[in-house]
Amino acid sequence: SVRRSVIQGPVPTAVMEESMFEYLQKHCGLHAEYAVAEIVPTMTDQRMMEEAGMQKNQLLLLLHQVHYDRHRVPLIYSMDYFNPELFKFRVNRMK
């Protein structure tokens, strides 16, 4: 999700020619510098089973992310679900 107030003009229903990050930088002057993510194991709910055809009690990894600009202003909030049988994550921790 992106705050409506940062998008000038009509809200696009799809961004086809570029990535979302390129679109926000080019058309809105927003540049995400970094993101903070939380990886949470979770199970499918009724909506996921109905809309995505997933099985009951299927394990998923929920990636909660907030992308920030260089001034630490939050720009983008997302919740993405990943099947751990298809995706793996590597965490790079630095001092």
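As a starting point, this report considers the structure included with it.

Definitions and limits used
Residues numbered from 1 in each chain as written. Predicted model: local features only at pLDDT ≥ 70, side-chain atom pairs only at ≥ 80, totals over all residues. Heavy atoms only, no water. Pairing = 2+ DSSP bridges. Helix = DSSP H or I, 4+ residues; strand = E, 2+ residues; numbered from the N terminus. Axes fitted to C-alpha atoms, helices over the stretch in contact; angles between N-to-C directions. Salt bridge = Lys/Arg side-chain N within 4 Å of Asp/Glu carboxyl O. Buried < 20%, exposed > 50% of the residue type's maximum accessible area, 1.4 Å probe, protein only. Core = buried A, V, L, I, M, F, W, Y, C linked by side-chain atoms within 4.5 Å. Phe/Tyr/Trp six-rings, centres within 6.5 Å; stacked < 30°, edge-to-face > 60°. Arc of directions from axis to C-beta. Contact = heavy atoms within 4.5 Å.

Reading across from one edge, 1-2-3 is the order of the three strands in this open sheet, with antiparallel pairing throughout. Whereas interior strands pair on both sides, the edge strands pair on one side only; in this sheet they are strand 1 (34-43) and strand 3 (74-82). Across this sheet, the average inter-strand angle for adjacent strands is 15°, counted without regard to direction. Relative to strand 3, strand 2 (residues 59-68) runs antiparallel, the two sharing eight bridges. Considered in strand 3, the bridge of Gln65 is made with Ser78.

The next subject is the pattern of salt bridges. As enumerated under the stated definition, the model contains two salt bridges in all. Lys26 is paired through a salt bridge with Glu18; the nearest N and O atoms lie 3.9 Å apart. The residue Arg47 makes a salt bridge to Glu51 at a minimum N-O spacing of 3.5 Å. With a gap of four residues between them, Arg47 and Glu51 both fall in helix 2 (residues 46-52), about one helical turn apart. Taken as a pair, Arg47 and Glu51 share a single burial class, namely exposed.

What follows concerns the nonpolar core. The biggest cluster of nonpolar side chains holds seven residues, and these are Ile7, Tyr23, Leu24, Cys28, Leu30, Leu75 and Ile76. Broken down by secondary-structure element, the contributors of at least two residues to this core are helix 1 (20-28) and strand 3. Ranked by residue count, the leading element in this core is helix 1, at three residues.

Okay, the packing of aromatic side chains next. Enumeration over the complete set of coordinates arrives at three aromatic pairs. Here Phe82 and Phe89 contribute two aromatic rings whose centre-to-centre distance is 5.1 Å and whose plane-to-plane angle is 85°, an arrangement assigned as edge-to-face. The exposure class assigned to Phe89 is partly exposed, which follows from its relative accessible area of 33%. One aromatic cluster is present, built from ring pairs that chain together Phe82, Phe87 and Phe89.

Considering the arrangement of structural elements, one finds His67 in strand 2. Among the residues examined, His67 registers a relative accessible area of 11% and is labelled buried.

Listed in full, the buried residues belonging to helix 1 are Tyr23, Leu24 and Cys28. Looking straight down helix 1, one finds that the buried residues subtend no more than 95° of arc, so they occupy a single side. Those residues of helix 1 that are buried are in contact with strand 3. Positive phi shows up at Gly29, right after helix 1, with a value of about 70°.

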